[in-house]
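Coordinates in review
Residues per chain are reported as follows:
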Amino acid sequence: MKKEQLLDLYHQMVLIRRVEERGAELYQAGKIGGFMHLYIGQEAVSTGLIAARESRDRVITAYRDHGVALSCGISADQVMAELLGKATGMSKGKGGSMHMADVSKNMWGGHAIVGGHLPIAAGFAIGDQYAKNDNITICMFGDGATNIGYFHEALNLAKTWGLRVLWVCENNQYGMGTSVERASAVNEIRQKAEGYGMKNSQVDGMDVVKVYEAAKEAMDYVRKEGQPYFLEVDTYRFRGHSMGDPERYRKAEEVKQWQENDPIGIFNRQLLDKKTATKKALDEIEARVDEEVAKAVEFAESSPEPTMEDLYTDIYAD
Amino acid sequence: MAKITMREAISQALMEEMDRDPAVFIIGEEVGVWGGTYAVTKGFYDKYGPDRIKDTPIAENAIIGGAIGAAMVGQRPVAELMTINFAFSAMDYVVNQAAKLRYMFGGQFMLPLVIRAVGGGGRQLGATHSQTPDAVFAHFPGLKVVSPGTPEDAKGLLKSAIRSNDPILFIEHATMYQVRGEVPEGEYTIPIGKSKIQREGSDLTIVTYCKGLELSMKAADELAKEGIQAEIVDLRTLRPLDMEPVLESFKKTNRAIVVEEGWKSYGVGSEIVSRIYEEAFDYVDAPIIRVAQKEVPLPYNRTLEQAALPQVHDIVTAAKEVLK
Ligand SMILES: Cc1ncc(C[n+]2csc(CCOP(=O)(O)OP(=O)(O)O)c2C)c(N)n1
Ligand SMILES: [Mg+2]
């Protein structure tokens, strides 16, 4: 990767982190409601993964979607506006934290039914196969989602029909309070892809460059071979499952250990060690992010609420 | 009488029945180590251990299907759906299996299953996580559907449900766990399939249940300030439906409104209104009004969501309308 691209990834990761830190504050202040699932700790995944796509490739994910939205090029302004339920959010304030989508950027949503979006991802690929193009659908989901039937139906179909889907399992070790060992028959989740004869691999999700490289290779395969691929990304969420999680299911030391592996910290050191950037340059990026986030909050807070008429729009197309 | 929350009432019912009958066990997502998503089973895992408090993978079909199987061979599972919206993921098991297996095999076995499910809107959870689809489930013969509106009823009805030999969907409301109410000291049960007058009045009848009860009680207070006495009939069980108290009240007041949180079309209110017209037509003095959710998927935005949900003032307005 070129220097500019690497710095862009750094910018993106810091942006995701800061948007969410601000988001958490606004949630505590009662300005954001509903469920809000933070991506903090997992920033390297969406950043590295989506950097490897072409803009025509579609992305679809679960409700832990702020990072994915930002990685797809949706502005912090819009993400913040959707969090605040404003008319200027990409889902016009009707979706909220869990339902961020901007199909013009090929971000097809955060989806809140666990595993529910996997057959839909297969469906995107059916659409592309039917249209005879070689677009890829990148479908992200959690470790917990690999235990529900939707997952198995979708993987089986993808392999049987040769669908261009890159399945990306973000293994953050827990589905809510249930660890992988307590919920999954196999601890190495990529083994589930083996069962469907699907090519697969595993990558360290705290290292953005490794994620990027693994994703690039996987996407090349999917595009060329017209076959699905399964990528397991090992990562960790530093915060609770959603806001207000008492976190009785894991020890503080475990969280601390992972936090020492902060993906932003790792990347920061890499950039300095390889002399890709000076400390000053990285500080400048962080300062720019702070401005961007402050502006986004201002934009969101000053944006209009949806109107009562909006309650009845977009129920049907006809 | 002790005053406790809905959460405590449900929790007590589960614990008392688990202590009473070793065949009772709990199965669902985050019921154990987490202590229940709504903290209803907090402390259960430490008390009963993993054999009786089964944390499952995210697999609604395996939860409900598995509970059905265990019930068929003599256990008494209480399966928990984190929210009723996930019942749609397990719809085949709820309506195609649980509701039909005994009948289809000529009554060869019993199916003593309770499915606890949390429903309701008002928490800004967006369209897929906020539904009140109670009427959908009440549509199916073979399934019983219970949805209490007070801690006393919740405890007594849940205990009956666990002792019942049939599949019962027990619907709780996500915004009502903190609701407080008097509960009798000691052991008691409340029969399934019995409606109840929760407030007496002579001017009009409000038929409702669950969240609608909470709202209707507040509306009745407001109406009383203006000299209007509303009688409130709480259905408590949607199937089998006990129309007796409804009809009795209606024959006295001749005017009614029906209040539910779910959508109006094809809803609980539609059923109640038809039954009144079928069974007490001669007593009708004014068209019966249904107060229900606007016909939209629920939005995230707080103001819009509240506008779509039935409110106390909607009930007050409807009550005055039927009294015109
Ligand atoms: C069908 C369904 N069942 C249960 C839930 C409740 N739920 C929401 S997130 C979640 C855990 C998912 O874990 P995982 O897939 O590992 O994703 P993570 O939250 O770790 O990103 C559960 C059980 C749901 N939304 N949908
Ligand atoms: Mg997970």
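One can find the structure itself at the top, above this paragraph.
What comes next is a walk through the structure. No experiment lies behind these values; they were computed from the predicted model shown.

**Topic: unusual backbone geometry**
Look at the link from R239 of chain B to P240 of chain B: it is a cis peptide, with omega at 0°. When you line up the elements, P240 of chain B lands in the loop between β12 (237–239) and α9 (244–253). Phi at M176 of chain A is positive, roughly 50°, even though this residue is not glycine. A relative accessible area of 14% means that M176 of chain A is categorised as buried.

**A short note on helix α2 (residues 43–51) of chain A**
Among the 9 residues of α2 of chain A, 8 are classified as buried, and the element is accordingly described as predominantly covered. Looking only at α2 of chain A, the buried set comprises E43, A44, V45, S46, T47, G48, L49 and I50 of chain A.

**Some details on the pattern of salt bridges**
Here the structure, examined in full by the defined rule, presents 43 salt bridges over all chains. With a closest N to O distance of 2.9 Å, E247 of chain A and R250 of chain A form a salt bridge. You can call E247 of chain A partly exposed: its relative accessible area is 25%. Judged by relative accessible area, which is 8%, R250 of chain A ranks as buried. For the salt bridge of R236 of chain B with D153 of chain B, the shortest nitrogen-to-oxygen distance reads 2.9 Å. In this pair, R236 of chain B is assigned in the loop between β11 (230–234) and β12 and D153 of chain B in helix α7 (residues 151–163), connecting sequence segments 83 residues apart. D153 of chain B carries the same exposure label as R236 of chain B, and that label is buried. Several salt bridges share partner residues, and in doing so they unite E16, E17, R20, K155, K159, R163 and E187 of chain B into one network.

**Focus: the sheet that holds strand β5 (residues 114–119) of chain B**
All names here are of chain B. Pairing is mixed across the open sheet formed by 7 strands, whose spatial order is β3-β2-β4-β5-β7-β6-β12. At either margin of the open sheet sits one strand with a lone partner, and together these are β3 (53–55) and β12. Here the strands of the sheet are splayed against their neighbours by 20° on average, with no regard to which way each runs. Judged from the 5 bridges that link them, strand β2 (residues 24–28) and strand β4 (residues 76–81) form a sheet pairing that is parallel. Its bridge partner being in β4, V24 is matched across the sheet by R76.

Conventions used here
Residues numbered from 1 in each chain as written. Chains lettered and ligands numbered in written order. Predicted model: local features only at pLDDT ≥ 70, side-chain atom pairs only at ≥ 80, totals over all residues. Heavy atoms only, no water. Helix = DSSP H or I, 4+ residues; strand = E, 2+ residues; numbered from the N terminus. Buried < 20%, exposed > 50% of the residue type's maximum accessible area, 1.4 Å probe, protein only. Salt bridge = Lys/Arg side-chain N within 4 Å of Asp/Glu carboxyl O. Pairing = 2+ DSSP bridges. Axes fitted to C-alpha atoms, helices over the stretch in contact; angles between N-to-C directions.

From the geometry alone we can't say anything about function, so treat these as descriptive.
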